[in-house]
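Residue strings, one per chain:
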6 protein chains.
Amino acid sequence: MEKEFITPTSGNDVPRFAGISTMLRLPLVPDPVGLDAAFVGVALDCGTSYRSGTRHGPRQIRHESSFVRHFNVATGADPFKSLRVADLGDIPVDPFSVVDAHEDIYKGARHIFQSGCIPMVLGGDHSLTYGMVRAAAEKHGPVGLIQFDAHSDTQDQQFGQRMAHACPMRRVLEDGLVDPRRMVQVGLRGSGYGVDDFDWQRSLGGWVVPAERCWNRSLAPLAVQIVKHMGSGPVYLSFDIDSLDPAHAPGTGTIEPGGLTLAQALELIRGLRGLNIIGFDLVEVSPPLDPFGSTALMAANLMFEMLCILPGVQYRPAHDPMSFRADLPPDWV
Amino acid sequence: MEKEFITPTSGNDVPRFAGISTMLRLPLVPDPVGLDAAFVGVALDCGTSYRSGTRHGPRQIRHESSFVRHFNVATGADPFKSLRVADLGDIPVDPFSVVDAHEDIYKGARHIFQSGCIPMVLGGDHSLTYGMVRAAAEKHGPVGLIQFDAHSDTQDQQFGQRMAHACPMRRVLEDGLVDPRRMVQVGLRGSGYGVDDFDWQRSLGGWVVPAERCWNRSLAPLAVQIVKHMGSGPVYLSFDIDSLDPAHAPGTGTIEPGGLTLAQALELIRGLRGLNIIGFDLVEVSPPLDPFGSTALMAANLMFEMLCILPGVQYRPAHDPMSFRADLPPDWV
Amino acid sequence: MEKEFITPTSGNDVPRFAGISTMLRLPLVPDPVGLDAAFVGVALDCGTSYRSGTRHGPRQIRHESSFVRHFNVATGADPFKSLRVADLGDIPVDPFSVVDAHEDIYKGARHIFQSGCIPMVLGGDHSLTYGMVRAAAEKHGPVGLIQFDAHSDTQDQQFGQRMAHACPMRRVLEDGLVDPRRMVQVGLRGSGYGVDDFDWQRSLGGWVVPAERCWNRSLAPLAVQIVKHMGSGPVYLSFDIDSLDPAHAPGTGTIEPGGLTLAQALELIRGLRGLNIIGFDLVEVSPPLDPFGSTALMAANLMFEMLCILPGVQYRPAHDPMSFRADLPPDWV
Amino acid sequence: MEKEFITPTSGNDVPRFAGISTMLRLPLVPDPVGLDAAFVGVALDCGTSYRSGTRHGPRQIRHESSFVRHFNVATGADPFKSLRVADLGDIPVDPFSVVDAHEDIYKGARHIFQSGCIPMVLGGDHSLTYGMVRAAAEKHGPVGLIQFDAHSDTQDQQFGQRMAHACPMRRVLEDGLVDPRRMVQVGLRGSGYGVDDFDWQRSLGGWVVPAERCWNRSLAPLAVQIVKHMGSGPVYLSFDIDSLDPAHAPGTGTIEPGGLTLAQALELIRGLRGLNIIGFDLVEVSPPLDPFGSTALMAANLMFEMLCILPGVQYRPAHDPMSFRADLPPDWV
Amino acid sequence: MEKEFITPTSGNDVPRFAGISTMLRLPLVPDPVGLDAAFVGVALDCGTSYRSGTRHGPRQIRHESSFVRHFNVATGADPFKSLRVADLGDIPVDPFSVVDAHEDIYKGARHIFQSGCIPMVLGGDHSLTYGMVRAAAEKHGPVGLIQFDAHSDTQDQQFGQRMAHACPMRRVLEDGLVDPRRMVQVGLRGSGYGVDDFDWQRSLGGWVVPAERCWNRSLAPLAVQIVKHMGSGPVYLSFDIDSLDPAHAPGTGTIEPGGLTLAQALELIRGLRGLNIIGFDLVEVSPPLDPFGSTALMAANLMFEMLCILPGVQYRPAHDPMSFRADLPPDWV
Amino acid sequence: MEKEFITPTSGNDVPRFAGISTMLRLPLVPDPVGLDAAFVGVALDCGTSYRSGTRHGPRQIRHESSFVRHFNVATGADPFKSLRVADLGDIPVDPFSVVDAHEDIYKGARHIFQSGCIPMVLGGDHSLTYGMVRAAAEKHGPVGLIQFDAHSDTQDQQFGQRMAHACPMRRVLEDGLVDPRRMVQVGLRGSGYGVDDFDWQRSLGGWVVPAERCWNRSLAPLAVQIVKHMGSGPVYLSFDIDSLDPAHAPGTGTIEPGGLTLAQALELIRGLRGLNIIGFDLVEVSPPLDPFGSTALMAANLMFEMLCILPGVQYRPAHDPMSFRADLPPDWV
């Protein structure tokens, strides 16, 4: 029997500024069973240590996502004719205690993973990755992790709290949920605490690609190296919007100068096609710092791009992303 | 058989900042049949003549309405245990032509009125009232109209367009959809075009209460007069958010100094309890001018208050709104 | 020979959001000769002592004034069929030195006053009043002054500077440009320097009406008292936008709690009809603090209202502003 | 020996926009010993249930407070020549757990109360009042409480959390820290959960003055009643900025229509002079929702006014706030 | 007889923040006759399909353009000593119907083209290009078109409307107004509707340069190719501000990640010198989304740069834009 | 005797959003004696010629700097364990006269330079550099100057004022305070006044590196050239935030398209390590144009980076900034 796909509401049926704001204008469904992948929100900011507001992230990303259309012109990916995708709404999480919130996240995530559906998480602060990866590892065993981020998030604690948003990557490694030899961090930068800030995960075998290595160049070759490194095992992607330069994503709480451009982020994500991605999150969009929703709309686009590289997504005429639709003679440079 | 009520999602089940943004956290339903009253959006701004942006109104009002709770503490109204209420989403309307848009509105409105459900419209620019009232009159015959507004909206045309947002009240009178002797306009003010700006509707029997009559006083007595004047026939309420003073509703396109306060608006709406209201709209919220959603949240509260005075809403221990919960001795002044 | 009037561009000829931003859509003319009254900008902020930005005031007020129409519906005033009015553009003033700027203002003002034209000044910080009144007194002798303001502006100096925006009212009194017995200050409030802050001008015969006297009431009776007090001599009006409460005029640099409402400001201005007004200014709008132009639009409306009470403005059927168009029975309260 | 007073930095020594932002430009001191009263921040928002951001409140209020001068012109209060006042900086509180944060607050508060100094708290979300009052009662026994607020804050729990910002007033009553017969709540309003929302505290003897009782009138008479009711025992004031109408304080997370005006707030605070106030807080200013600092500046003014009514503050020539500096004949109305 | 040039008002005569806002501080003239090139506004947003607001574009671009000076330091272009340039104000267009608006645009454009003056259009939404090109082709025959854009704008219709802002490029090709072999689109990107989104115009001979081809490189070589391709025939430039990355132009309604940088836009425009440009527009600036005018100011600069490459503009000592004023030794890399 | 270092307050002692806002959370000290380097504010905007607001710069930069940590992870610089650093507060400067302000700046700067402490200035508008360099040259003789800027700031006067913010670089050269052969200007661009705008300083031997030379490339090689050129003499750095592209620093008054990226600014600053830097400033941050503080936070980071290259700062394991922590094989490109 053929799979019945779910089509987002078209802008010619309901104008893009109208209607109920679900993610990418997909239907809201109560259960992941029968879905290949599902968007789900985690409206969390009790893990933030500086500027809060990420609890409003899922709502704002959904709101702005209504402008994203259903086909990936640049790569040929046709996700909604390849996978059954819907919006599950939000996992209700405790707003007052980051520890309790993590139990809620874990339980919600476990239900999705166990149903065989790939969760695509609208954050929320970065501490949520711990709960997601805990459930992922329960299903898949220790996973690979590709983290786009300005910060390493491997601090042991913040103000005594081991579940704060600066700590999830230490927790997932300590708890054996992530295989450190299949962990890659891209975009790290900014002031820090000492010369050994990134040594711990590197000593375990993790890759660190500081932002300085990314400046003034294409990152397509980096994606090639990462794909090679990660191999065929399960991979979780965690995209902290502050991996982008503040020029490209001002609406987040802990900005650092010298980050990725939007073009570089697209190069990287598109270049990761072929990995065995079993879940991803996009975190740290803070709507109070984003009054016109620009950062949230960029986040929605990045989530669409990550959806487009999930296993099983079909590509219409195969394109090489960088030489795509080259109407100019090859020697135009 | 007892009526099965619909309860908005509680803030203790899903935090108020989380979840999908439907109006007042009610379920989204596809059809008005079986509902007593229903929220419906009309995302229109092609009727605006100055600052646009009202097409984003329904989305933003829904978004902010998640903070409104389900019981009216001041008046004792308990709407969701009295009426079956839900959110119908938006009537899809043409974004490029105000004339075509009005056909869309009329058709959507007719379906709701004919099903016996009371529409509660999230606007959108004020021109939408024409389409709503046209459908209302088809069901109920010529209706009474109570209009809260800074502007009379009785111009014959704007830039040659007879459906512009400055014209709907002329159209509904000309077309016999509103009984001019049961028409009341409250809050009119601002610079205009001539000494006879408000004469036409008054010559037909309409009441005009300029903002100047409302300054520095309670409007509860005015509500008493209006209720007496309107009698028992069908009444449509149209609340233009610019009836409020710019201090109270900055997020709208055509602000005028000297409008109503939020307290006065509450006095008026609460005082209209008992009328045979067959529909209402709240129009002209412009989210691009309201980056923090304050005006949209006030609009959501005002719509909740209008819901609370619909026929059939039950009141817990009857309160006199002005002497409500008076712990102080009556002579405290 | 009949006077040839100047009509603002109609919103039906050019939409209100379009066209070049002159004040009230009047033509820009190079010279005051032949005009009864003229708008003129003074783009000054080097007299500000806290938050700057008033140098952008004239541009923003003009920009927003395009929404103000040409007839005063509430009062019946018909200014553009009574007086020849135009926009003179800005007096170019030195942006780096408040002392030099005042020479520029004085020279520009003198030219207007000497031509017999009434200047209507778009500020700019409040220090500009000194230059204006200096030129006014040269033409008319010591003038009466009605000042709407949160602050007395009678400090001797600020940081050693006697021309700062906290000082012009001391200067105009010291220099004999204003008759202290015909000086009225309305709206004063806020924290200060000592118990005698307002004693100096009162000892000379000035009236001080602190904001506290204005709370929770109509100010129409106050206007009656002021008109009686000022008599028939020449009067200059100076309206500091911070006389309004921050709720009503957030876009200014030195806000103080407990100011006038917009309704009260309209009551006062309309109530001053009949005075021999020889010039006025509206000062301290700060566009960087007013991103949507709401405060500037209120300022434009207030300037239109002040224009409407200039000598010679004709009123269509005489209205009593407070009982105007009373469709309700007189006993509706 | 005479007391050595502490004078805020003058605007003629350092311009008001310059210098380090301490509260009211007072010196930062490490210890409350020897002070009569001290400002102290509690940068908390892990108790908020809707829009967060109050953790930034103390910084923003200090920042904006530089515009407040040292003398109260309206009332004659001269606080800095009556009391030794300084800024203690912030009590460091756990940002991730509202329960742990309350221990921190309590410890910090206890140190201040035990030193004999009156704490004046810059919030922070409203849950902080619990920690403050706990320490107050340890020193003074059960205290009286005057709460300005849109919300009762007497919920038993939110999302299972008993320390959330909707609950502190239930906690202080349950724990016997406040004498319910000396508890007054002013400004309550908005949608709620049931007809008995305010019954619990009233059944214990508390006064509830809903916002509806405050509309369109002076609140000076209410202050008289409250002073009479509270008697001579210790009183703690808690001012939630959302007691003000959204027009007057938009920069807070949980706005409700129909609140107090700034003028009414000033009337109330000034009218409480004479009470035995042993501490106060001002809470719920949310800077991400207040980009120009207007709400924070109003908060700074209100804190200055509360300082002015502390026991021991001397008044220069005694003024009746409402008839103050009456230059107009008493019959001007 | 020598041509009499028109000089923009100098910042030393009137400070740049002062005076009436005409484009580049040029005089406002009523008629294009005698001008070589003229700025003209088209304040349109009834063609927008997502976020509106472009109707305010011309006013805001003029406002901000006062900061642009009259000489192009980088390229040596001296436009105001080469061409007679002025501001014509706005073509009044119908705000309520995109179809009627296009007739207005066409008539206004025809008058300018027929007078021999080059129009330089301040938009307004992108649908205006249809009306402009229609008039251009009437004068010049089918023109070449260089379109900077995130979107192809070759949809057949939106919501049934063939004049919407997603459609003008289909219309100009269908109507034979543009020679498809002389059509180049630069910057296309974003999600779309299908694999053949850009195939139609390519099948006719158009060039498409997707944004992906532009990432991480200089675009000067691309400009060289375009100049070669376009030849000597008439060329119309259409610059949609959303061709820029959202980091560089956030103030527009339909942002897409991965666009051009401002530096690349300057490279491209400067590199097009020598083409026979007969008109240009800059569209889609949306001031409600641009509260500080940054995007409008960038638009004003880009329009100045496009003016600088018009035929007849003289260049002071010829510069190669990329090696300009190289004080460093050529081997500094 | 060992030097006693000063450690910024840790985020684990006081959360980063809490506490008094000093620069980088350093203690406020009254005197530079005994410090190696000190932050000091100059809250000036009376030298600005377009959009004002820079007087609020020092306060906002301090406010946002609380997020910057104490170690430079990318370069290994450990400034607070190498130098004694503190915050001196602001030099009080006259807000009304740019000429008087310069005397104040000079006196304040002289005191710091004479004490042997390196001043690190938080501006303030760019005219302040004149006062700083005047004092620097008095101590060190004519200094070298590296200026990051969009504008040359070598105009002779603006509106007759020779101390305006467009003029300081002409003044320091004319007065012999800077050695023109050791002057480098990076990032110049934008429209100007004539072909010879930058000729004067070049004729004296200055280097001009226009922005066009910097596009689409790494600037590390440029830093190498500048270090070689400047030699071992004293160097003053002046960083105008508008040297950055508006995408990277929107919060400033005179933005120009095509500026440096944040990554390029970091490359340049880090590459200047080894110079004999005797002082620096960061100017033109305008908080009213930066409501979320993003530009101020970038400024704080850049000041931290400039601190990190002061003479005497120790580097933990020496890093080459561009190959730092290269976990990828060297051939990954």
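Above this note sits the structure.
What counts as what
Residues numbered from 1 in each chain as written. Chains lettered and ligands numbered in written order. Predicted model: local features only at pLDDT ≥ 70, side-chain atom pairs only at ≥ 80, totals over all residues. Heavy atoms only, no water. Contact = heavy atoms within 4.5 Å. Buried area = accessible area lost by both parts, 1.4 Å probe. Salt bridge = Lys/Arg side-chain N within 4 Å of Asp/Glu carboxyl O. Polar contact = N/O pair within 3.5 Å; in protein donor to acceptor, adjacent residues only side chain to side chain. Helix = DSSP H or I, 4+ residues; strand = E, 2+ residues; numbered from the N terminus. Nonpolar A, V, L, I, M, F, W, Y, C, P; charged D, E, K, R; others polar. Pairing = 2+ DSSP bridges. Least-squares fit on C-alpha atoms with pLDDT ≥ 70 in both. Axes fitted to C-alpha atoms, helices over the stretch in contact; angles between N-to-C directions. Buried < 20%, exposed > 50% of the residue type's maximum accessible area, 1.4 Å probe, protein only. Right-handed = clockwise from strand over helix to strand, strands pointing away. Expected span 1.5 Å × (residues − 1). Left-handed = near helix turned anticlockwise from the far one by under 90°. Parallel < 35°, antiparallel > 145°, perpendicular 65-115°, else oblique. Phe/Tyr/Trp six-rings, centres within 6.5 Å; stacked < 30°, edge-to-face > 60°. Lys NZ or Arg CZ within 6 Å of the ring centre and 35° of its normal.

Q: Explain the interface of chain A and chain E to me, please; I cannot follow it from the model alone.
A: When the parts come together, some accessible area is lost, and that loss is often what is quoted as the size of the interface. Contacts between the two partners involve 48 residues from chain A and, on the opposite side, 42 residues from chain E. Between chain A and chain E, a total of about 4,000 Å² is buried, with carbon and sulfur atoms accounting for 60% of that surface. One can count 2 salt bridges joining chain A with chain E. A salt bridge links E:Glu212 to A:Arg270; the shortest N-O distance between them is 2.8 Å. At the surface where chain A touches chain E, the tally comes to 10 residue pairs in polar contact (both at pLDDT 80 or more). Residue assignment for the side of chain A that touches chain E shows that the elements contributing at least two residues are helix 1 (57–65), helix 7 (262–271) and helix 8 (294–308) of chain A. When the residues that make up the side of chain A that touches chain E are grouped by side-chain class, the tally is 25 nonpolar, 12 polar and 11 charged. Pairing of strand 2 (residues 71–72) of chain A with strand 7 (residues 191–192) of chain E involves 2 bridges; the strand directions are antiparallel. Along strand 7 of chain E, the bridge assignment pairs A:Phe71 with E:Gly192.

Q: Would you mind going over the relation of the copies chain A and chain E with me for this structure?
A: Both copies of the chain are related by one operation, a rotation about an axis with a shift along it. Overlaying chain A on chain E yields an RMSD of 0.0 Å, the required transformation being a rotation through 120 degrees with an accompanying axial translation of 0.0 Å. In symmetry terms, the pair is related by a three-fold rotation axis. Taking the C-alpha atom as reference, chain A places A:Ala247 closest to the rotation axis, 3.0 Å from it. Looking at chain A, a mere 4% of its interface residues are interface residues in chain E too, so the copies touch through different faces.

Q: Hey, could you run me through the sheet that holds strand 5 (residues 143–148) of chain B in this one?
A: Two strands in a sheet stick together by hydrogen bonds in their backbones, pointing the same way (parallel) or opposite ways (antiparallel). Residue and element names in this part refer to chain B. The 8 strands are arranged 3-1-4-10-9-5-6-8 in an open sheet whose pairing can be described as parallel. Among the strands making up the open sheet, the edge pair consists of strand 3 (85–90) and strand 8 (207–210). For this sheet, the mean angle separating the axes of adjacent strands, direction not counted, is 15 degrees. Direction of pairing for strand 5 relative to strand 6 (residues 178–188): parallel, over a ladder of 5 bridges. Bridge pairing in strand 6 places Leu145 opposite Met183. Here helix 1 (residues 57–65) sits on the sheet and contacts strand 1 (37–42), strand 3 and strand 4 (118–123); the angle it forms with strand 4, its principal contact strand, is near 105 degrees.

Q: How should I be thinking about the pairing of strand 10 (residues 276–283) of chain C in this particular structure?
A: The two faces of the sheet receive side chains in turn, since in a regular strand these alternate between them. Residues and elements named next belong to chain C. Taking burial as the measure, the 8 residues of strand 10 include 7 buried ones, the bulk of the element. Pairing geometry for strand 4 (residues 118–123) and strand 10, over 3 bridges, is parallel. For Val121, the partnering residue across the bridge sits in strand 10 and is Asp281. Across 7 bridges, strand 9 (residues 234–240) lies against strand 10 in parallel orientation. By the bridge assignment for strand 10, Ser238 is matched with Asp281. What joins strand 9 to strand 10 is helix 7 (residues 262–271), and the crossover it makes is right-handed.

Q: Teacher, can you tell me more about unusual backbone geometry here?
A: A negative phi angle characterises most non-glycine residues, just as the trans form characterises most peptide bonds. Residues B:Gly123 and B:Gly124 are joined by a peptide bond in cis, for which omega reads 5 degrees. The residue B:Gly124 is located in the loop between strand 4 and helix 3 (128–140) in this model. Despite not being glycine, B:Asp153 has its phi angle at roughly 55 degrees, a positive value. Residue placement: B:Asp153 occurs in the loop between strand 5 and helix 4 (168–174). Judged by its relative accessible area of 7%, B:Asp153 is buried. Unusually for a residue other than glycine, D:Phe159 sits at a positive phi of about 50 degrees. Its location among the elements puts D:Phe159 in the loop between strand 5 (143–148) and helix 4 (168–174).

Q: How should I be thinking about the relation of the copies chain C and chain B in this particular structure?
A: Least-squares fitting of chain C to chain B yields an RMSD of 0.0 Å, with the superposition described by an axial translation of 0.0 Å and a rotation of 120 degrees. A distinct binding surface is used by each copy, with only 4% of the interface residues of chain C retained as interface residues in chain B.

Q: Where do I start with the interface of chain C and chain B in this structure?
A: The interface is formed by 47 residues belonging to chain C together with 42 residues belonging to chain B. Between chain C and chain B, the buried area comes to about 4,100 Å², and carbon and sulfur atoms account for 60% of it. Taken together, chain C and chain B are joined by 2 salt bridges. We note a salt bridge from B:Glu256 to C:Arg69, for which the minimum N-O separation is 2.4 Å. One can count 10 residue pairs in polar contact (both at pLDDT 80 or more) joining chain C with chain B. Those elements giving two or more residues to the side of chain C that touches chain B turn out to be helix 1 (57–65), helix 7 and helix 8 (294–308) of chain C.

Q: Quick question: what am I supposed to make of helix 2 (residues 98–114) of chain E here?
A: Turn by turn, an α-helix covers 3.6 residues, leaving residues three or four places apart pointing in a common direction. Residue and element names in this part refer to chain E. Taking 1.5 Å of rise per residue, the 17 residues of helix 2 would be expected to cover 24 Å, and the 24 Å separating its terminal C-alpha atoms lies within 8% of that figure. Of the residues making up helix 2, those classed as buried are Val98, Ala101, His102, Ile105, Tyr106, Gly108, Ala109, Ile112 and Phe113. In the core, the buried residues of helix 2 are packed alongside strand 1 (37–42), strand 3 (85–90), strand 4 (118–123), helix 3 (128–140) and strand 10 (276–283). Backbone geometry just downstream of helix 2 places Gly116 in the positive-phi region, at approximately 85 degrees.

Q: Would you explain the side chain of E:Asp45 in this entry?
A: When you line up the elements, E:Asp45 lands in the loop between strand 1 and helix 1 (57–65). Judged by its relative accessible area of 4%, E:Asp45 falls in the buried class. Look past the residues within four positions of E:Asp45 in its chain and what remains in contact with it is B:Ser52, E:Ser52, E:Gly53, E:Thr54, E:Arg55 and E:Asp125.

Q: How do you make sense of the sheet that holds strand 6 (residues 178–188) of chain C when you look at a structure like this?
A: All names here are of chain C. What the 8 strands build is an open sheet, ordered 3-1-4-10-9-5-6-8; its pairing is parallel. With partners counted over all chains shown, the strands left at the sheet margins are strand 3 (85–90) and strand 8 (207–210), one partner each. Direction aside, neighbouring strands of the sheet carry axes that sit 15 degrees apart on average. For strand 1 (residues 37–42) and strand 4, the ladder comprises 6 bridges, and the chain directions are parallel. When the bridges of strand 4 are listed, Gly41 appears paired with Leu122. Running at roughly 105 degrees to strand 4, helix 1 makes contact with strand 1, strand 3, strand 4 and strand 10 of the sheet.

Q: I tried to follow the packing of helix 2 (residues 98–114) of chain B against helix 3 of chain B on my own but got confused; where do I start?
A: Pairs of packed helices are described in terms of their axes, by the angle between the two and the distance that separates them. Residues and elements named next belong to chain B. Two numbers describe how helix 2 lies on helix 3: the axes approach to 8 Å, and their chain directions differ by 35 degrees. Note on packing geometry: the crossing formed by helix 2 with helix 3 is right-handed. From helix 2, His102, Glu103, Ile105, Tyr106, Ala109, Arg110, Phe113 and Gln114 reach across to helix 3, where they touch Leu128, Tyr130, Gly131, Met132, Arg134, Ala135, Ala136, Glu138, Lys139 and His140. Residues that form the contact of helix 2 with helix 3 fall into these classes: 9 nonpolar, 4 polar and 5 charged.

Q: I keep staring at the packing of helix 1 of chain B against helix 8 (residues 294–308) of chain B and nothing clicks. Help me out?
A: All names here are of chain B. Two numbers describe how helix 1 lies on helix 8: the axes approach to 8 Å, and their chain directions differ by 75 degrees. Judged by the angle between their axes, helix 1 and helix 8 are roughly perpendicular. Here Gln60, Ile61, Glu64 and Ser65 of helix 1 come into contact with helix 8, specifically with Ala296, Leu297, Ala299, Ala300 and Met303. Of the residues in the contact of helix 1 with helix 8, the class split is 6 nonpolar, 2 polar and 1 charged.

Q: Got a minute to help me understand the packing of aromatic side chains in this structure?
A: A ring pair, where both rings are aromatic, is described by two values, the distance of the centres and the angle of the planes. Applying the stated criterion to the full structure yields 12 aromatic pairs over all chains. A ring pair is formed by B:Tyr50 and C:Phe67, whose centres lie 4.7 Å apart and whose planes are at 20 degrees; its orientation type is stacked. On the criterion of chain membership, the pair formed by B:Tyr50 in the loop between strand 1 and helix 1 and C:Phe67 in the loop between helix 1 and strand 2 (71–72) is interchain, its members lying in two chains. The pair B:Tyr50 / C:Phe67 is uniform in exposure class, with both members buried. Taken together, a centroid distance of 4.8 Å and an interplanar angle of 25 degrees make the contact between F:Phe148 and F:Phe239 stacked. Here the residue F:Phe148 occupies a position in strand 5 (residues 143–148), and F:Phe239 occupies one in strand 9 (residues 234–240), the gap between them amounting to 91 residues. One exposure class covers both F:Phe148 and F:Phe239, and it is buried. The positively charged end of B:Arg170 is found above the aromatic ring belonging to B:Trp200, 4.1 Å away from the centroid. Directly above the ring of E:Tyr106 sits E:Arg134, whose terminal nitrogen or CZ lies 3.5 Å from the centroid.

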